[in-house]
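Now for the letters of each chain:
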Amino acid sequence: MDPNHYLVLSGMLFTIGAIGFLVRRNAIVAFMCVELMLNACNLALVTFSSHWGVLDGQVASFFVMVVAAAEVVVGLAIIVSIYRTRRSASVDDANLLKL
Amino acid sequence: MVTGASVAFWLLAPVMVLAALGMVLARKAVHSALCLAAVMVALAVQYAALDAPFLFAVQIIVYTGAILMLFLFVVMLVGVESSDSLVETLKGQRVYAVLVGIGLVVMLVVATGNALVGDPVGVAGPNSEHGGNVQGLAALLFVRYVWAFEATSALLITAAVGAMVLTHRERLVKKQDQRERAAARMRAYAESGVHPGPLPTPGVFARHNSVDTPALLPDGSAAESSVSATLRARSSIRTPAELTAPMAARQAELSADQPAQPGIGHGPDPRLKAPVDQKDADLSDEERI
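Definitions and limits used
Residues numbered from 1 in each chain as written. Chains lettered and ligands numbered in written order. Predicted model: local features only at pLDDT ≥ 70, side-chain atom pairs only at ≥ 80, totals over all residues. UniProt positions renumbered as here; feature names shortened; annotations may be inferred. Helix = DSSP H or I, 4+ residues; strand = E, 2+ residues; numbered from the N terminus. Buried ≥ 20, exposed ≤ 12 C-beta atoms within 10 Å, placed from the backbone. Contact = placed C-beta atoms within 7 Å. Axes fitted to C-alpha atoms, helices over the stretch in contact; angles between N-to-C directions. Parallel < 35°, antiparallel > 145°, perpendicular 65-115°, else oblique. Nonpolar A, V, L, I, M, F, W, Y, C, P; charged D, E, K, R; others polar. Domains from an automatic or database assignment. Core = buried A, V, L, I, M, F, W, Y, C linked by C-beta atoms within 7 Å. pLDDT = per-residue confidence, 0-100.

The name recorded for chain B in an unreviewed UniProt entry is NADH-quinone oxidoreductase subunit J, from Auraticoccus cholistanensis. For the record of chain B, the UniProt heading Catalytic activity (unreviewed entry) holds the text "a quinone + NADH + 5 H(+)(in) = a quinol + NAD(+) + 4 H(+)(out)".

Under an unreviewed UniProt entry, the name given to chain A is NADH-quinone oxidoreductase subunit K, and the source organism is Auraticoccus cholistanensis. UniProt, in the comment section headed Subunit (unreviewed entry), describes chain A in these words: "NDH-1 is composed of 14 different subunits. Subunits NuoA, H, J, K, L, M, N constitute the membrane sector of the complex."

**Q** Would you take a moment to explain the overall build of chain B for this structure?
**A** When helices and strands are tallied, chain B shows 12 helices and two strands. Overall, chain B shows an N-to-C arrangement of helices and strands of α-α-α-α-α-α-α-α-β-β-α-α-α-α. Within chain B, the proportion of its 289 residues that are buried is 18%. Looking at chain B alone, contacts between residues at least 24 apart form 41% of all its contacts between residues at least 6 apart.

**Q** For this particular structure, what's the right way to read the packing of helix α2 (residues 27-52) of chain A against helix α3 (residues 53-78) of chain B?
**A** When two helices pack together, their arrangement is given by the angle between the helix axes and the distance between those axes. Viewed as axis vectors pointing N to C, α2(A) and α3(B) meet at an angle of 175°, and their least axial separation amounts to 11 Å. Comparing their axes, α3(B) and α2(A) come out roughly antiparallel. Listed contacts from α3(B) to A:Ile28, A:Met32, A:Glu35 and A:Val46 of α2(A) are B:Leu55, B:Ile67, B:Phe71, B:Val74, B:Val75 and B:Val78. Class assignment for the residues of the contact of α2(A) with α3(B) results in nine nonpolar, no polar and one charged.

**Q** Would you explain the interface of chain A and chain B in this entry?
**A** Often, the extent of an interface is quoted as the loss of accessible area upon association of its parts. Counting residues at the interface gives 63 residues for chain A and 74 residues for chain B. Elements supplying a minimum of two residues to the side of chain A that touches chain B: α1 (3-23), α2 and α3 (56-86) of chain A. At 22 residues, α3(A) tops the list of elements feeding residues into the side of chain A that touches chain B. Residue composition of the side of chain A that touches chain B, grouped by class: 42 nonpolar, 16 polar and five charged.

**Q** It is not clear to me how the domain arrangement of chain B should be interpreted in this structure. Could you clarify?
**A** Domain parsing of chain B yields domain 1 (1-80) and domain 2 (199-258). For domain 1 of chain B versus domain 2 of chain B, the separation of C-alpha centres amounts to 47 Å.

**Q** Looking at this structure, I do not really get the nonpolar core. What am I missing?
**A** Counting 74 residues, the largest nonpolar core has A:Ile28, A:Met32, A:Leu36, B:Leu36 and B:Val39 as the members making the most contacts within it. Elements supplying a minimum of two residues to this core: α1, α2 and α3 of chain A together with α1 (4-25), α2 (29-49), α3, α6 (133-144) and α7 (146-167) of chain B. Per element, the largest residue contribution to this core is 15 residues, and it comes from α2(A).

**Q** Would you explain the UniProt feature "transmembrane region" (unreviewed entry) in chain A in this entry?
**A** Residues and elements named next belong to chain A. Sequence positions flagged by UniProt for "transmembrane region" (unreviewed entry) are, in local numbering, residues 6-23, 28-48 and 60-83. As annotated, residues 28-48 has a helix share of 100% and a strand share of 0%, and its two end C-alpha atoms lie 31 Å apart. Secondary structure content for residues 60-83 is 100% helix and 0% strand, while the C-alpha to C-alpha distance between its ends is 34 Å.

**Q** Would you explain the environment of B:Phe56 in this entry?
**A** Residue and element names in this part refer to chain B. Inspection of the secondary structure puts Phe56 in helix α3. Its 20 C-beta neighbours within 10 Å are what place Phe56 among the buried residues. Once the C-alpha coordinates of Phe56 and Asn209 are considered, the two residues, 153 residues apart in sequence, prove to be 49 Å apart. The contacts of Phe56, once residues within four sequence positions are left out, are Ala44, Tyr47 and Ala48.

**Q** Would you mind going over the confidence of the model for chain B with me for this structure?
**A** Parts of the model with low pLDDT should not have their predicted coordinates read in detail. All names here are of chain B. Looking at chain B as a whole, the pLDDT averages 83, with 86% of positions reaching at least 70. In the predicted structure, residues 268-289 sits below a pLDDT of 50 and forms seven contacts with residues beyond four places in sequence or in another chain. Model confidence for the complex is summarised by a pTM of 0.73, with the ipTM given as 0.93.

Structure below.
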């Protein structure tokens, strides 16, 4: 199994996540796209770990998962509190900071 | 040579890419979440193929189990029916986003598609050094990365407190206790004649007894308050005529067809007066129950 295939897959998933983050207006879906990008990075890290025969890549991937969990908790709490005040989960509606 | 890893890769890589595209393209947030779950489970399989059993388990338990369920909870809270608006606030943003994405994927594939040369070493060696993958990760985590590990604990505590602070709501008015609610009901009864008791139950008819069926008042009109306000707002409740019409029509049909048949129509049913079976009569009350 050529490890470069994993890297290509990781790159494709990352790109799909990035495009989704740019085009989707629903805050929850945009957030899911961020998760997809983090997952793609994890796949690359695990691939490097397997290729070079050291476990540090897997530890890094583990840390990414921890940070993602914390990020999701806070991010979803922000989305819920914005939804409470504006009755909308669209990123276009939260524009009070706009001039 | 065909290995398990390559089979897993070529089977699941198209699934992952398609599910990721589905996540971006799905109109409803729930469908996006399900597609993301498919990607994550397939990724877990890739981790298993890459000799990372700990990450395989953590990916399923933490990502698919915890994080995605959190997403689904929020989707249900925020409104599952709200689909994305298609209004572009920035002109041509979608087109540019897709162009940038194509550029990014070409760059990534060209740059990293041949980044790794030589035979992969594999993590079988480091895995067996401490007796297993989990032990090897623990040896790294609690020795070399112990400060990063401690920092993540602080991060998790902060995130938990932050989520509680963000979603906490102060009560603006004092909560009514039972005595006050009862007094308010009696006051409403005295002032405007609102019935102080519980609301009427939904209607029970020969063909309908669901909660969206209104009860009939003595004058034949529907009791609006017998149906939940949510259902009333969501759909039009059935009218009394609609409820009683099929049964009345059927009764009329039957009595027109077979006027002499006993048991149908208004006459007493002779079967009701049939003698009680001897065996039943011998049983005591408790046995019959």
